[in-house]
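Coordinate analysis (summary)
What follows is each chain in one-letter form.
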Amino acid sequence: MLSIGTLAKRTGTKVQTIRYYEQIGLMPKPGRSAGGQRRYGALELDRLAFIRHSRQLGFSLESIRELLDLSDSPERSCAQVDAVAQKQLGEVEARIARLEALRVELKRMLSECRTDRVANCRILEVLRDHDACLSDHDRPVS
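Structure report, in brief. (Residues numbered from 1 in each chain as written. Predicted model: local features only at pLDDT ≥ 70, side-chain atom pairs only at ≥ 80, totals over all residues. Heavy atoms only, no water.)

1. A few points about helix H2 (residues 15–23)
Taken residue by residue, H2 has Ile 18, Tyr 21 and Glu 22 as its buried positions. Viewed end-on, H2 has its buried residues packed into an arc of 100 degrees, placing them on one side of the element. Exposed side of H2, more than 90 degrees from the buried face: Gln 16 and Gln 23 are the residues found there. Of the surrounding elements, those touching the buried residues of H2 are helix H1 (4–11), strand S2 (38–39), helix H3 (42–56) and helix H4 (61–71). (Buried < 20%, exposed > 50% of the residue type's maximum accessible area, 1.4 Å probe, protein only. Helix = DSSP H or I, 4+ residues; strand = E, 2+ residues; numbered from the N terminus. Arc of directions from axis to C-beta. Contact = heavy atoms within 4.5 Å.)

2. Re the pattern of salt bridges
In this structure the tally under the stated criterion is 6 salt bridges. Arg 38 is paired through a salt bridge with Glu 22; the nearest N and O atoms lie 2.9 Å apart. Here Arg 38 is found in strand S2, whereas its partner Glu 22 is found in helix H2, with 16 residues between them in sequence. In this structure, the salt-bridge partner of Lys 87 is Glu 91, at a minimum N-O distance of 4.0 Å. Here Lys 87 and its partner Glu 91 are both found in helix H5 (residues 79–112), 4 residues apart, which amounts to about one turn of the helix. A relative accessible area of 49% means that Lys 87 is categorised as partly exposed. (Salt bridge = Lys/Arg side-chain N within 4 Å of Asp/Glu carboxyl O.)

3. Here's the deal with the environment of Glu 44
Among the secondary structure elements, Glu 44 is positioned in helix H3. Counting along the chain gives 42 residues from Glu 44 to Leu 2, while the straight-line C-alpha distance between them is 9.5 Å. Beyond its immediate stretch of four places on either side in the chain, Glu 44 contacts Leu 7, Met 27 and Pro 28.

4. Here we look at the nonpolar core
Note that soluble globular proteins tend to have their nonpolar side chains buried in a common cluster. One finds Ile 18 and Ile 51 to be the most contacted residues of the largest nonpolar core, which totals 16 residues. Looking at this core, the elements with two or more residues in it are H1, H2, H3 and H4. When sequence neighbours within four positions are dropped, the list of residues in contact with Ile 51 reads Tyr 21, Leu 26, Met 27, Ile 64 and Leu 68. (Core = buried A, V, L, I, M, F, W, Y, C linked by side-chain atoms within 4.5 Å.)

5. Notes on the side chain of Ser 54
Note on placement: Ser 54 falls in helix H3. Overall, the relative accessible area of 7% leaves Ser 54 in the buried class. Look past the residues within four positions of Ser 54 in its chain and what remains in contact with it is Phe 59 and Ile 64.

6. Here we look at H1
Taken together, the buried positions of H1 are Ile 4, Leu 7, Ala 8 and Thr 11. In an axial view of H1, the angular spread of the buried residues amounts to 100 degrees, which keeps them on one side of the axis. Those residues of H1 that are exposed and angled more than 90 degrees off the buried face are Lys 9 and Arg 10. Each element contacted by the buried residues of H1 is listed here: H2, S2 and H3. Downstream of H1 by one or two residues, Gly 12 has phi in the positive range, about 70 degrees.

Note that every value here comes from positions in space, so none of it alone points to a role or purpose.
Here is the structure:
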């Protein structure tokens, strides 16, 4: 059995985050020692590693909850898991597209700013007036 500190170290997760995951039901309430300390086993270690890796891949807590529910029912179709992963891929691709638009805009701003004085700085002009931008980089990411 592992303490919460050991579980945190093994998974690279902060103790506060583990407690939060317990509060919102992503992690089960742990068993307790005779002294009242939280105790975790291999199943909790595996579940927390799953959650941590899913977060690293950008999955929302809602999506992780759905994936955990699906993994708890191994007889179910994998198509539902694929759908969750496909949705995440779409969100990542949308973020990449937005970042690419930002990159292009920043490079353009820098290339157009070749003055010695702040009074004539193209970067500051563009930052003051969004209409001076070439792309619609302010779209919210889906």
